[in-house]
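Structural overview
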Amino acid sequence: MRPPGAGALLFALAASTLAASALAAPLAAAQPGEAGGQPSEANPAEDGGQPSEADPRPPGAVQLLVENDTFAGLDRWFSHHHALGLVFPLARVGGRALELRAALGQAMYTPRNIQREEPPARDHPFAGHLYLELGATLGAPDHTLALRLRAGVVGPAAGGGPTQDAIHTLLGVRLPRGWDTQLPNQAAVDVALRGALHRRWRLDGVDLTAALLATADVGNASGRAGGAAGLMLSVGLPARAAAGFLDPTLALAFRCPRLCAAAFLGAAAEGVWLDLFTEARGLDEPPAITRRPWRAPFRGGLLLAGRRAAVRYVHVRRSRTFSTRDDVHPRWHRWGALELLVPFG
């Protein structure tokens, strides 16, 4: 087993930071009626759990996101991703909230058979990705706009192998053996734009929200554009929360004055003209796979939130991102995304 690297330390830091934040949140939470405190309990449905317009600063949040195909009983392709993020509120003017988001994350990609020292020629290569993400989000009751810059490294410097070793050791399963064949070190920089429309209808005690999302990613690691749509049934949540189900980078800072809940279903389609991970750029002998020009993810999820924390789980089913000459692989890949949001301020 390799010694823990930067990725393993990042994973441990993320877990410990979130645990500390969750324990400290009750002590830091403001009391109702104090400056920067909770919206009045008198009519919490009017703002869906958001601070009132009289409060110029909505709460910030600490976000921990863990995506892993173990949640779906698999271990292949897009295998794992974790990120620790902070959402900082800047202002709330005219019904719009301007927020800054910073995140540190890591992702791992593997073939179906991770026990071979020389992975099959017709399968996804090993790859690790370590990145820093900075972005700004402008949110209103009926729309959300976000701009994001993600910069990092792909290759051994990303620490994907040591991190996967640490995760497999924690889970008590066999260690992967093919990380020596991973993509070489190279920079990865992408700019992403997100635009979402959301509309809410009040039913008998339940809100129905429809959300539409347009996406575009341009850079040397990813080139894609597409759209998504979804429906959310919720109690006490702002309409903007629906966009977070479609894209976790659109997660907003909110605090529910009492228990909030939501269920979500969504689908997306996107065209892809560049994918560093399936094209295996930099390998002397890249695998005999071809990047597919389109992909279609489907999502379903649940959210529970209170004054001190929110937990969301999303199950993703996405069409395979590559093809081979004999096409012996399953058509779909599945994974789960578990997210914890701890508001502050």
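Quick caveat, the model's predicted, so the values are computed rather than measured. (Residues numbered from 1 in each chain as written. Predicted model: local features only at pLDDT ≥ 70, side-chain atom pairs only at ≥ 80, totals over all residues. Heavy atoms only, no water.)

**Quick word on the environment of L283**
Along the chain, L283 turns up in the loop between helix 4 (276-279) and strand 10 (290-291). In the structure, L283 is positioned 158 residues away from P125 in sequence and 9.5 Å away in space, judged by C-alpha atoms. Excluding residues that lie within four positions of it along the chain, L283 makes contacts with P125, T181, Q182, L183 and P184. (Helix = DSSP H or I, 4+ residues; strand = E, 2+ residues; numbered from the N terminus. Contact = heavy atoms within 4.5 Å.)

**Side note on helix 2 (residues 160-171)**
Taking 1.5 Å of rise per residue, 12 residues should cover 16 Å, and helix 2 covers 16 Å from first to last C-alpha, within 8% of that figure. Backbone geometry just after helix 2 places G172 at a positive phi near 75°. (Expected span 1.5 Å × (residues − 1).)

**Focus: the environment of G306**
Among the structural elements, G306 can be located in the loop between strand 12 (297-305) and strand 13 (310-319). Those residues in contact with G306 that sit more than four places away from it in its chain are C256 and R258.

**Overview of the pattern of salt bridges**
All chains considered together, the criterion is met by 15 salt bridges. Of the charged contacts, one joins R148 and E133 as a salt bridge, the two residues approaching to 3.5 Å between their closest N and O atoms. Linking R148 in strand 5 (residues 143-154) with E133 in strand 4 (residues 127-139), this pair joins segments that are 15 residues apart in sequence. Accessibility expressed as a relative area gives 11% for R148, which makes it buried. Notably, a salt bridge pairs R295 with E270, separated by 3.9 Å at the nearest N-O pair. In this pair, R295 sits in strand 11 (residues 294-295) while E270 sits in strand 9 (residues 260-275), placing the two residues 25 residues apart along the sequence. For the pair formed by R295 and E270, the shared burial category is buried. Because the salt bridges share partners, they merge into one network encompassing R101, E133, R148, R150, R194, D217, R224, D247, E270, D275 and R295. (Salt bridge = Lys/Arg side-chain N within 4 Å of Asp/Glu carboxyl O. Buried < 20%, exposed > 50% of the residue type's maximum accessible area, 1.4 Å probe, protein only.)

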